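A look at the structure
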Amino acid sequence: MASNKPAPEAPSRFGSDFASEYGNDRRTEFGAEFTTDFTADGFGESDRSWEEWNPTEESVRPVRGRHRVAKQRNGLARSSTVLGVGVIAAVGAGGMATAQSKPPVSISLPDSLADNLPDAKSLPGVGSLFADDSVDQAKAAESAAPLTSAGITTAEAEQGATDAGEALRARILQQAEQQQSAADAEAKAAEEKAATEKAAAEAKAKQDAAEAKAAAEKKKAEEAAKAKAEAERIAKLAASFTIPTSSYTITSTFGEAGSMWSSGYHTGLDFAAPTGTPIKAVHSGTIKSAGWSGSYGYRTVLELEDGTELWFCHQSSIDVTVGQKVTTGDTIGRVGATGNVTGPHLHLEVHTPAGTGIDPMTWLRDKGLTV
């Protein structure tokens, strides 16, 4: 192969040799223009010619691309690039010419070595390059398959589906059925929930009604028991209390206003009865006083165990003495018209242990008596 001479060193534009050697040579747009003479030995001498270059709009083209070659006034960068490309082209041409001119070389192997070589299909990464009959048949079957089976899944293919459109339609219908089933299940669950809530509400209402009825019955029973106990209490009291006289008529009640009474109102309860009618002890107690008492006439005061005082006034006679113990129903005097009166009657007053006068009729009724 021919040898290449080294490229001549580019002179500097700042040196004194540049003007003398290249001052009048012809120059192109980006550097020097070279004329290379190739000989059989290789790369020959260059015939350089220069001329003055005046750039214009037509001769100056915009530099495009990512890599741009800086403009040189003397064109040395351009000339060096062109020279290098020429050298490479010359060397490649010489090598190609030498390779084409040589005859091919035959390579033979001994029979013993050829017989012991492994099968190419068994070599890793090589066997896959050889296509056997089964692969060819599979490719043939695949190429023969219709294009509409491209969207069919393996499960659908196993079920016999061959058309992708029908398979898609079947999938859509299946999905719709699943959605409908889910909606039906949800609606059924909602109905069951509503039915359960309704049943619970009805059961609660029945329970509340039963509880209300039981409470009413309990209250009624309690009231009945209370009334019964009160009746028993009154009956027991009635057995221990009695009306102070018999054959009587109520003529004046507690609190009546009038000029006949010194206080301006009536302070007791009047039982009008014939003179001499027996007066009985209303309850067991002790005779605290017995005798004349001014406008009350003959009066007997009976003190009960709780400190309550009963005044029996206007008597015609007194049958007990001070300090005497009496029981319910004992005769303690007789009806009369003594003191400030208009006719025979028993004037009964009731005083609390504190000395306050109260309504005798209310007090007697509280003791279970009917006046």
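Just above sits the structure.
Here is a short report on the structure shown in this document. Computed from a predicted structure; not experimentally measured.

A closer look at the packing of aromatic side chains
What the rule picks out here adds up to four aromatic pairs. With a centroid separation of 5.1 Å and 75° between ring planes, the pair formed by tyrosine 248 and phenylalanine 271 is classed as edge-to-face. One end of the pair, tyrosine 248, is in the loop between helix H6 (164-240) and strand S3 (249-252); the other, phenylalanine 271, is in strand S4 (residues 269-272), and 23 residues separate them in sequence. For tyrosine 248, a relative accessible area of 25% corresponds to the partly exposed category. Judged by relative accessible area, phenylalanine 271 falls into the buried class, the value being 0%. One cation-aromatic arrangement involves arginine 299 over tryptophan 311; the distance from NZ or CZ to the ring centre is 4.6 Å.

A closer look at the nonpolar core
As a rule of thumb, nonpolar side chains are buried together in soluble globular proteins. Core analysis: the biggest nonpolar cluster contains 25 residues, and Leu302, Leu310, Phe312 and Trp363 have the highest contact counts within it. Those elements that place two or more of their residues in this core are S4, strand S8 (309-318), strand S10 (331-335), strand S11 (345-351) and helix H7 (360-366). Every residue in contact with tryptophan 363, bar those within four places of it in the chain, is listed here: Phe241, Val282, Leu304, Thr308, Leu310, Val350 and Ile358.

Regarding the environment of glutamine 324
Mapped onto the fold, glutamine 324 is located in the loop between S8 and strand S9 (325-326). Through-space distance from the C-alpha of glutamine 324 to that of isoleucine 287 is 5.3 Å; in sequence the pair is 37 residues apart. Sequence-distant contacts of glutamine 324, defined by excluding residues within four places in its chain, comprise Gly285, Thr286, Ile287 and Asp319.

Points about the pattern of salt bridges
One pass over the full model with this rule turns up three salt bridges. Where glutamate 309 meets lysine 288, a salt bridge forms, and the shortest distance between an N and an O atom there is 2.6 Å. Of the two residues, glutamate 309 sits in strand S8 while lysine 288 sits in strand S6 (residues 285-292), which places them 21 residues apart along the sequence. Take glutamate 309: its relative accessible area is 15%, and that puts it in the buried class. Between arginine 334 and aspartate 319 there is a salt bridge, and its shortest N-O distance comes to 3.9 Å. Of the two residues, arginine 334 sits in strand S10 while aspartate 319 sits in the loop between S8 and S9, which places them 15 residues apart along the sequence. Looking at arginine 334, the relative accessible area reads 31%, which means it is partly exposed.

Rules and cut-offs
- Here the residue index of a chain counts from 1 through its sequence in written order.
- Local features in this predicted model are restricted to residues of pLDDT 70 or higher, and side-chain atom pairs are both shown and tallied only at a pLDDT of 80 or more, whereas totals for entire chains, interfaces and linings draw on every residue.
- Values reported for side chains reflect all heavy atoms of the structure, with hydrogen atoms and water molecules removed beforehand.
- The rule is short: rings of Phe, Tyr and Trp, with Trp giving its six-membered ring, pair when the centres are within 6.5 Å, and they are stacked under 30 degrees, edge-to-face over 60, tilted in between.
- By the criteria applied, helices consist of DSSP H or I runs no shorter than four residues and strands consist of E runs no shorter than two, each listed in order from the N terminus.
- Buried means the residue's accessible area, taken with a 1.4 Å probe over protein chains only, is under 20% of the maximum for its type, while exposed means over 50%, and partly exposed covers the values in between.
- As a reminder, the over-ring test applies to NZ of lysine and CZ of arginine, requiring each to be within 6 Å of the ring centre and within 35 degrees of the ring normal.
- The term nonpolar core refers to a set of buried residues drawn from Ala, Val, Leu, Ile, Met, Phe, Trp, Tyr and Cys, joined through side-chain atoms within 4.5 Å.
- Residue contacts are defined here by distance: any two heavy atoms, one from each residue, within 4.5 Å place the two residues in contact.
- For salt bridges, the criterion is a side-chain nitrogen of Lys or Arg within 4 Å of an Asp or Glu carboxyl oxygen.

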